[in-house]
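Observations on the three-dimensional arrangement
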Amino acid sequence: MNWTNEEGARFRPSLLGSRVFVGRHEAKDALLAADDAGVTLAEALDAIGRHGADRPPSLPAVLKALADLEWATWAMIQEAVSTLTSPTTNAARGSTCAKRG
C-alpha cells in the first residue's frame, strides 16, 4: 500500500492519502491541493499516469491484508531468530550461546 503525499513535502496538508481513506478529506478536495507552483495533485498524478479511477478498498479489506502481511512477516522473523539462536548455528560461529525457551 502506498499513501499519496504522506510527508506533505509537495502538497499540503500532509497525510492526504490516508486522510481520504479514513474519511477526514474528500478525494475531490485532496486532488485540488496545489503545490507552490500552482500544480494540483490531480495534475501531478495525471502527468505520471497515476491518477486512477479505482475506488479504494474497504477498511476491513485493508486491515485483513495488513494483518496477513504482519502474520507472514512475524513468521519469517521467528524463523530467522530460531536459526540465529540454534546451538548448531552458534557452534559454527564459535559461540557458546544456546537457544532460550
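Presented here is a report on the structure given in the accompanying data block. Keep in mind the model is a prediction, meaning the values are calculated, not measured.

Take the overall build of the protein next. Assigned secondary structure in the protein consists of 5 helices and 0 strands. Each helix and strand of the protein, placed in order from N terminus to C terminus, yields the pattern α-α-α-α-α. For the protein, the proportion of its 101 residues judged to be buried stands at 18%. A separation threshold of at least 6 residues defines the contact pool for the protein, and within that pool the share at least 24 residues apart is 25%. Accessible surface computed for the protein: about 7,900 Å², of which carbon and sulfur atoms make up 59%.

Going from arginine 12 to proline 13, the amide bond is cis rather than trans, its omega being 10 degrees. Phi is positive for leucine 15, which is not a glycine, with a value near 65 degrees. Mapped onto the fold, leucine 15 is located in the segment before α1 (16-21). Residue classification places leucine 15 among the partly exposed positions, given a relative accessible area of 35%.

Thresholds, definitions, all that
Residues numbered from 1 in each chain as written. Predicted model: local features only at pLDDT ≥ 70, side-chain atom pairs only at ≥ 80, totals over all residues. Heavy atoms only, no water. Helix = DSSP H or I, 4+ residues; strand = E, 2+ residues; numbered from the N terminus. Buried < 20%, exposed > 50% of the residue type's maximum accessible area, 1.4 Å probe, protein only. Contact = heavy atoms within 4.5 Å. Areas by Shrake-Rupley, 256 points an atom, 1.4 Å probe, with all protein chains shown as cover.

Limitation: the analysis is restricted to geometry and does not speak to function.
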